[in-house]
Amino acid sequence: MPPVLIRQHVDSAPAGLLGEWLEARGLAYEVQETWVAPSVPDPTEYAFIVSLGHDRMAGDVWDPGVAAERELLTRAVERDVPVLGLCYGGQVLAAVLGAEVGPAPVPELGWRVVETDDASVIPEGPWLEWHFERFCTPPGATELARTADAPQAFRLGPHLGVQFHPEATVEIVAGWAVADEREDVPLAASPEQRDAARNAAFQLFDGFVRSADLLTHHLPSSA
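The notes below deal with the structure included here. No experiment lies behind these values; they were computed from the predicted model shown. (Residues numbered from 1 in each chain as written. Predicted model: local features only at pLDDT ≥ 70, side-chain atom pairs only at ≥ 80, totals over all residues. Heavy atoms only, no water.)

It is worth spelling out the overall build of the protein chain at this point. When you go through the protein chain residue by residue, the secondary structure sums to five helices and 10 strands. Taken over C-alpha atoms, the radius of gyration comes to 16 Å for the protein chain, in line with the 17 Å a tight globule of 223 residues would show. With the C-alpha coordinates of the protein chain rotated into their principal frame, the extents come out at 45 × 45 × 35 Å. Buried residues in the protein chain amount to 52% of all 223 residues. Considering only contacts within the protein chain whose residues lie at least 6 apart along the sequence, 70% involve residues at least 24 apart. As displayed, the protein chain offers around 9300 Å² of accessible surface, 50% of which is attributable to carbon and sulfur atoms. Of the side chains in the protein chain, 14 bear a positive and 34 a negative charge, and the two mean positions are spaced by 3 Å. (Helix = DSSP H or I, 4+ residues; strand = E, 2+ residues; numbered from the N terminus. Rg over C-alpha atoms; globule rule 2.2 N^0.38 Å. Buried < 20%, exposed > 50% of the residue type's maximum accessible area, 1.4 Å probe, protein only. Contact = heavy atoms within 4.5 Å. Areas by Shrake-Rupley, 256 points an atom, 1.4 Å probe, with all protein chains shown as cover. Lys, Arg positive; Asp, Glu negative; His and termini not counted. Charge placed at Lys NZ, Arg CZ, Asp CG, Glu CD.)

Along the chain, R146 falls in strand β8 (residues 142–146). R146 gets classed as buried once you look at its relative accessible area, which sits at 18%. Looking at R146, its side chain comes within polar contact range of the side chain of D117, at 2.5 Å. Within polar-contact distance, the side chain of R146 engages the side chain of E143 at 2.6 Å. Not counting residues up to four positions away in its chain, the partners in contact with R146 are V114, E115, D117, P151 and Q152. (Polar contact = N/O pair within 3.5 Å; in protein donor to acceptor, adjacent residues only side chain to side chain.)

With that settled, consider the pairing of strand β7 (residues 127–135). The buried fraction of β7 amounts to eight of the nine residues, a majority that puts the element mostly inside the structure. Where strand β5 (residues 101–112) lies against β7, eight bridges are found, and the strand directions are antiparallel. When the sheet's bridge partners are listed, W111 is paired in β7 with L128. (Pairing = 2+ DSSP bridges.)

Relative to each other, helix α1 (residues 17–24) and helix α5 (residues 191–211) sit at 65°, their axes nearing to 10 Å. In the packing of α1 onto α5, the handedness of the crossing is right-handed. Residues L17, L18, E20, W21 and A24 of α1 form the contact with α5, whose participating residues are R198, A201, F202, F205, D206 and V209. For the contact of α1 with α5, a count of residues per class yields eight nonpolar, no polar and three charged. (Axes fitted to C-alpha atoms, helices over the stretch in contact; angles between N-to-C directions. Left-handed = near helix turned anticlockwise from the far one by under 90°. Nonpolar A, V, L, I, M, F, W, Y, C, P; charged D, E, K, R; others polar.)

Here the focus is the packing of helix α2 (residues 64–78) against helix α3 (residues 88–96). Relative orientation of the contacting elements α2 and α3 amounts to 60°, with a least axis distance of 9 Å. Put simply, α2 runs oblique to α3. Here α2 runs over α3; the crossing is right-handed. Contacts between α2 and α3 involve G65, V66, E69, R70, L73, T74 and V77 from the first element and Y88, G89, V92, L93, A95 and V96 from the second. Of the residues in the contact of α2 with α3, the class split is eight nonpolar, three polar and two charged. (Parallel < 35°, antiparallel > 145°, perpendicular 65-115°, else oblique.)

Functional significance is not addressed by these values, which are geometric in nature.
Right, here's the structure in full:
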């Protein structure tokens, strides 16, 4: 079975709960730190590709890492290799699918509940968010979730882009708050809320592979 490719773009935005899910499901994966070498691997060598968060924007094509990510996801789409884009990754996916990506009307920071059309793939949350840009829904894609401020998830064929951070923990986002001097954003969560967010993330990741008709024989029937 090919491994899953995780594209990590900054040290402060790791795989987090996504890594936990892959290990829980017994799926092999490879993490590429794109700031070390912004290479463009062959997407067909992987079961699917996950593009994580970044402190750059999808339109920063002058940056070698952003240009490489856009090229990789373009090749993946052309070759029908499923892509899961998370925040920045979702914005890059949206851009290569022909959608507008630009400044958000307002930054979405901290815990947010989303309006969802398909809770089996996108539970309503609350989800952790941290973004100053937003994507529009690509042409031909199905918008799956939204807030009053921005689209939050779309699906096109085997590809899924989300604007929030299902992979992130409170500790990860707290680091972003310090870096952005936004420590006033409420991030505290009870153990019950943390468990619920982890369960929702696992449900989203399971829903992605099932919607993409991927690896279903490797997932427990109760997932």
